[in-house]
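Observations on chain architecture
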Amino acid sequence: MIKFHIVTLGCSKNTADSEYVANFLQNAGLKWTDKPNEADLLMLNTCGFINDAKEQSLNTLFTLAEYKEKNKAQKLLVYGCLVKRYEEQLKADIPEIDYFFKFFDDKSLSLLLKELTVSKAPKKNCADFSAITKRFFTPPHIGLLKIAEGCDNWCSYCAIPKIRGSFRSLPEEEILRTAENLAKTGSKELSVIAQDTTAYGKDTDTSLEELLSKISQIDGIEWIRLHYLHPKRLTPDFIDRVFSIKKVLPYFDIPLQHIDDTVLNKMNRHTDSNQIKQLISHIRTNYQNSVIRSTFIVGFPGETDKRFERLLTFLEEYPIDRLGAFVFSPEEGTRGAEMTPKVSKRKAAERLDKLMTFQQLILGETAEKWVGRELELMADAVENGKILARTVYDAYEVDNQTILEDTGNIKPGDIFKGVITEAGLYDFKARPLK
Ligand code: SF4
């Protein structure tokens, strides 16, 4: 029996793709192994989003190629964004790679099966292989549900529309079938993902609201967490319709990237500071028990000291509960890479540092407000005899962890009520309520 192992890098969209590939191969009769040195087929799902991610993908490829040095019978397969962007270069530089695939679908996976089974066509229909029944990359109680592919927003710093193509909503029946499968095999929380989740349905006759209403009726699904909500479509009406759907969590994951109008305009974000401020005010007024997560980019061309200071002032006036920030990375083939005036690397790094320190000060001032609150939590894992859990306001492997003081009978996958007993900047402690 052919054994395979997949290393998946990059964002949760990649993880969802790898989950699909692993399930497909397993359903077709291949066997997963946790040990890369024992695999007949080593696979790497790459990320080519920004320079750091490319470097990580290349370093991992070199490590996997070393396994192959020791075991010449092993096959090395690489797929994902890096292949789409740099296939020829990879072919020239890393001769150890046996197979290149850009993005997998049932057809290309069947082709791979043919190759692996010495050119015999797989006996079953590939539709039989595509059910997700096992989680290889997340605990079973969490399911990644991809609802669309590609992006049409053309943010000037981002290569994704070139890499992944234009936006395509996945067929509703296919998404519902996956969601049902995930529920049947233990998922209580669904992370709904796409490059731009709010765009779902713009190319079909359905809508995000309709889709989520149907998903919320699936037995077993308790939490629906939406990710990557582009602010441009988040009108108050859209928010109210979507976030009033049963089981959709009060978790607003809205990548804002900046607040200065000139920078937003140069980034081609199709939004401005007024709309962003109104959006946050609407959430704060109407969803008092909620959190906002966001990401910001510093050092984008044209970001002067004054424009950067505007971002800090904004964060003081409109605090963001969960925040990630990055230094602008000039990506080949994007308009942003050509823009001027450039911000020096040193200045951008200083701004990143300043922004994160500023955010820590804000979090430090507000952390205490969590203590004593009774919240819904989900247990994720047991580590050193302690339960690692998350509040309803925290996404798996993205946001804060909560450690339980007293584990009782709680086990991974359980949803329970608890009271926060300690709140640090990024982690909490809690006591389950009987
Ligand atoms: S919304 Fe912008 S940043 Fe996100 S994938 Fe699309 S183009 Fe890239």
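Residues numbered from 1 in each chain as written. Predicted model: local features only at pLDDT ≥ 70, side-chain atom pairs only at ≥ 80, totals over all residues.

**What to know about the overall build of the protein**
- What the protein contains, in helices and strands, is 13 helices and 18 strands.
- Scaling as 2.2 N^0.38, a compact globule of 434 residues should have a C-alpha radius of gyration of about 22 Å, and the protein matches this with 22 Å.
- If one aligns the C-alpha atoms of the protein with their principal axes, the spans along those axes are about 65 × 60 × 45 Å.
- Buried positions account for 39% of the 434 residues belonging to the protein.
- If you take every contact in the protein between residues at least 6 apart in sequence, the share linking residues at least 24 apart comes to 73%. (Helix = DSSP H or I, 4+ residues; strand = E, 2+ residues; numbered from the N terminus. Rg over C-alpha atoms; globule rule 2.2 N^0.38 Å. Buried ≥ 20, exposed ≤ 12 C-beta atoms within 10 Å, placed from the backbone. Contact = placed C-beta atoms within 7 Å.)

**Some remarks on the environment of arginine 164**
- Assignment of secondary structure puts arginine 164 in helix 5 (residues 160-164).
- Taking C-alpha positions, arginine 164 is 21 Å from phenylalanine 24, a pair spaced 140 residues apart along the chain.
- With near-sequence residues (within four places) excluded, arginine 164 lies in contact with Glu149, Gly150, Cys151 and Gln195.

**Description of the sheet that holds strand 16 (residues 401-404)**
- Taken in spatial order, the five strands line up as 14-15-16-18-17 and close into a barrel, and their pairing is mixed. Averaged over neighbouring strand pairs, the angle between their axes works out to 55° when direction is ignored.
- As paired strands, strand 14 (residues 374-383) and strand 15 (residues 386-391) are joined by six bridges and run antiparallel to one another. For glutamate 383, the partnering residue across the bridge sits in strand 15 and is lysine 386. (Pairing = 2+ DSSP bridges. Axes fitted to C-alpha atoms, helices over the stretch in contact; angles between N-to-C directions.)

**Quick look at unusual backbone geometry**
- The omega torsion of the bond from threonine 340 to proline 341 falls at -10°, within 30 degrees of zero and hence cis.
- In this structure, proline 341 sits in the loop between helix 12 (335-338) and helix 13 (345-366).
- Look at histidine 270: it is not a glycine, yet its phi comes out positive at around 55°.
- Among the secondary structure elements, histidine 270 is positioned in the loop between helix 9 (261-266) and helix 10 (273-286).

**Concerning the pairing of strand 13 (residues 322-327)**
- Across six bridges, strand 12 (residues 291-298) lies against strand 13 in parallel orientation. Note on strand 13: the bridge partner recorded for serine 294 is leucine 323.
- On the question of chirality, the crossover connecting strand 12 to the parallel strand 13 by way of helix 11 (residues 305-317) is right-handed. (Right-handed = clockwise from strand over helix to strand, strands pointing away.)

**Some remarks on the sheet that holds strand 10 (residues 223-226)**
- Strand order across the open sheet formed by three strands is 6-9-10, with parallel pairing between neighbours. Each edge of the open sheet carries a strand with a single partner, namely strand 6 (142-146) and strand 10. Neighbour-to-neighbour, the strand axes of this sheet turn through a mean angle of 25°, independent of strand direction.
- In terms of strand pairing, strand 6 meets strand 9 (residues 189-193) through five bridges, oriented parallel. Looking at the pairing, lysine 146 lines up with isoleucine 193 of strand 9.
- Here helix 6 (residues 172-184) sits on the sheet and contacts strand 6 and strand 9; the angle it forms with strand 6, its principal contact strand, is near 175°.

**A few points about the packing of helix 11 against helix 13**
- One way to put it is that helix 11 packs onto helix 13 with a least axis distance of 10 Å and a crossing angle of 15°. Considering the angle they form, helix 11 stands roughly parallel to helix 13. As helix 11 runs across helix 13, the sense of the crossing is right-handed. Only Arg351, Leu355, Phe358, Gln359 and Ile362 of helix 13 make contact with helix 11, whose side of the interface consists of Phe308, Leu312, Leu315 and Glu316. (Parallel < 35°, antiparallel > 145°, perpendicular 65-115°, else oblique. Left-handed = near helix turned anticlockwise from the far one by under 90°.)

**Quick look at the pairing of strand 16**
- Burial along strand 16 is one-sided: the residues Thr402 and Leu404 are buried and none of Gln401 and Ile403 is.
- Where strand 15 meets strand 16, two bridges bridge the pair, whose relative direction is antiparallel. Across the sheet, residue alanine 389 finds its bridge partner in strand 16, namely threonine 402.
- Looking at chain direction, strand 16 and strand 18 (residues 427-432) are connected through four bridges and run parallel. By the bridge assignment for strand 18, glutamine 401 is matched with aspartate 427.

**Considerations on helix 7 (residues 208-216)**
- Among the residues making up helix 7, those that are buried are Leu208, Leu211, Leu212 and Ile215. Across the axial projection of helix 7, the buried residues extend over an arc of 95°, all falling on one side.
- Contacts made by the buried residues of helix 7 are with helix 6, strand 9, strand 10 and helix 8 (236-243). (Arc of directions from axis to C-beta.)

**Some details on the environment of lysine 246**
- Relative to the elements of secondary structure, lysine 246 occurs in the loop between helix 8 and strand 11 (251-253).
- For lysine 246, a count of 9 C-beta atoms within 10 Å corresponds to the exposed category.
- Separated by 243 residues in the primary sequence, lysine 246 and lysine 3 place their C-alpha atoms 42 Å from one another.

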